[in-house]
Amino acid sequence: MKSPRRYHITTFGCQMNKADSERMAGILENMGFECSDDPNNANLVLYNTCTIRDNAEQKVYSYLGRQAKRKHEQSDLTLVVAGCVAQQEGETLLRRVPELDLVMGPQHANRLRDLLEQVFDGNQVVATEPIHIVEDITKPRRDSRISAWVNVIYGCNERCTYCVVPNVRGKEQSRIPEAIRAEMEGLGQQGYQEITLLGQNIDAYGRDLPGVTESGRHRHTLTDLLYYVHDVPGIERIRFATSHPRYFTERLIRACNELPKVCEHFHIPFQSGDNDILKAMARGYTHQKYRRIIDKIREYMPDASISADAIVGFPGETEAQFENTLNLVEDIGFDQLNTAAYSPRPGTPAAQWEEQLSEEVKSDRLQRLNRLVSVKAAERSQRYLGRIEEVLVEDQNPKDTTQVMGRTRGNRLTFFTGDLRELKGQLVNVKITQTRAFSLTGESLRY
Ligand code: SF4
């Protein structure tokens, strides 16, 4: 009996890539492939790649090298590179790794079946031309049975001068509200409790969809979408990411405060605390505007969780301008801050600029920022001590199997003693007994 074909997907990068990989896995299983945890035991190996920083891009080449060698011994091995490096490099990748069968950009994730059929007909395929992303009927093979990603808008029309995303993920394409709601209804029926609505710039949701209101605003916005999907049966929690300060509105904040299922956690990258750097980044807001947004959120939801992204060492950034970033972090007190040193990316304006800083200066600033971030996060965590927090149980604590783990509405990772078989997927009230910078420990009020 012919052994089943097996596939293995390695995913690099952001939530958008993770969601794309889940959809591609669903398509492969729909084609009769079985999942293999070991790439060396798979007939089809797919790397879903990231190019946000140089080190992310370089990673895939070392993986590819090994599989390309394997292909010389195993001719029925199919090698696929998907995601942002595929889009950025296209044909060049085939010259660099001639053993590749398929190079496909993120917009083509839903077309994996068609593209593989061309490969199985003996072709080497490159799919990176801009296309309209069609709704995919295949069920994604999701990693979690508790919380799920739901794409609401693909691509980005912004032009942040350091960012490669618009070049590799293309123009904004919003899904229609009915398709998003239908996907969420399906997930609710399957027992999913939590949904994260995804978009590179989720505040741009709907502006490419037809229709304006009498007052002239877009008929479809993220705020309207939240009201439209809020009553989907079975879904207890709704999150969304990634926000953009340029388009963040009080109307959205009011909706989040009003809608019980929308979690009080906001992920709003600020990138720099200095207005001249923000201008050079073409972010389209000032640090003062950013601070007003956070103040407004805390006016409506004083206990809301705030996370963000920040870049240090942007071309030309002076010590004083870096200190403006430290000041903003000091003043706001983030629950979590993803930090990175500036990495020049192909095809982005800032990569051409003269004033590139040395790796020493960049890593020195990154360490100083990370130290401050941990101090502030630990301070912020203390507010949970002694409080009752609702935790959605997702898994076992890998470090202590007597404990389970999950997230609060504020997206804080929390550990407590409990039986995963009984508690997985449950919303449990937990009394917080210990706080750390980025996680909490508590006692379940069930026992
Ligand atoms: S908003 Fe800016 S940083 Fe974010 S994906 Fe778009 S171009 Fe990149």
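Data block above holds the structure.
I will try to describe carefully the structure that is included in this document. (Residues numbered from 1 in each chain as written. Predicted model: local features only at pLDDT ≥ 70, side-chain atom pairs only at ≥ 80, totals over all residues. Heavy atoms only, no water.)

**A word on helix α9 (residues 250-258)**
We apply this condition: Categorising residues by exposure relies on relative accessible area from a 1.4 Å probe, with only protein chains included: less than 20% of the type maximum marks a residue as buried, more than 50% marks it as exposed, and the intermediate range marks it as partly exposed. A helix here means a DSSP run of H or I that spans at least four residues, while a strand means a run of E at least two residues long, and both kinds are numbered starting from the N terminus. Taking the helix axis as origin, the arc is that swept by the directions to the C-beta atoms.
Every buried residue of α9 is listed here: Leu-252, Ile-253, Ala-255 and Cys-256. Within α9, the buried residues cover an arc of 160 degrees as seen down the axis, which keeps them to one side.

**Comments concerning the packing of helix α12 (residues 319-332) against helix α13 (residues 359-381)**
Put simply, the rule reads: To get an axis, a line is fitted to the C-alpha atoms, and for a helix only the part in contact is used. The angle between two axes follows their N-to-C directions and goes from 0 to 180 degrees. Reported orientations rely on four angle classes, namely roughly parallel under 35 degrees, roughly antiparallel over 145, roughly perpendicular from 65 to 115, and oblique for the rest. In a left-handed crossing the near helix is turned counterclockwise from the far helix by less than a right angle, and in a right-handed crossing that turn is clockwise. Here, residues are in contact when the closest pair of their heavy atoms is within 4.5 Å. Put simply, Ala, Val, Leu, Ile, Met, Phe, Trp, Tyr, Cys and Pro go in the nonpolar bin, Asp, Glu, Lys and Arg in the charged bin, and everything else, Gly too, in the polar bin.
Interhelical geometry of α12 versus α13 gives an angle of 15 degrees and a closest axis separation of 10 Å. As far as their axial angle goes, α13 and α12 are roughly parallel. Between α12 and α13 the crossing geometry is right-handed. Where α12 abuts α13, its residues Glu-319, Phe-322, Glu-323, Thr-325, Leu-326, Val-329 and Glu-330 lie against Arg-365, Arg-368, Leu-369, Leu-372, Val-373 and Lys-376. Looking at side-chain class alone, the contact of α12 with α13 contains six nonpolar, one polar and six charged residues.

**Some thoughts on the pattern of salt bridges**
The condition that has to hold: Any carboxyl oxygen of Asp or Glu within 4 Å of a side-chain nitrogen of Lys or Arg constitutes a salt bridge here.
The full count for this structure, using the stated rule, is 35 salt bridges. With a shortest N-O distance of 3.9 Å, Lys-296 and Glu-250 are connected by a salt bridge. Taken together, the residues span a long stretch of sequence, with Lys-296 in helix α11 (residues 287-300) and Glu-250 in helix α9 at a distance of 46 residues. Overall, Glu-250 belongs to the partly exposed group, its relative accessible area being 32%. A salt bridge links Arg-291 to Asp-331; its shortest N-O distance comes to 2.8 Å. On the criterion of sequence distance, the pair formed by Arg-291 in helix α11 and Asp-331 in helix α12 is long-range, its members being 40 residues apart. A network of salt bridges, in which partner residues are shared, links Asp-303, Asp-335, Arg-380, Arg-383, Arg-387, Glu-389 and Arg-412.

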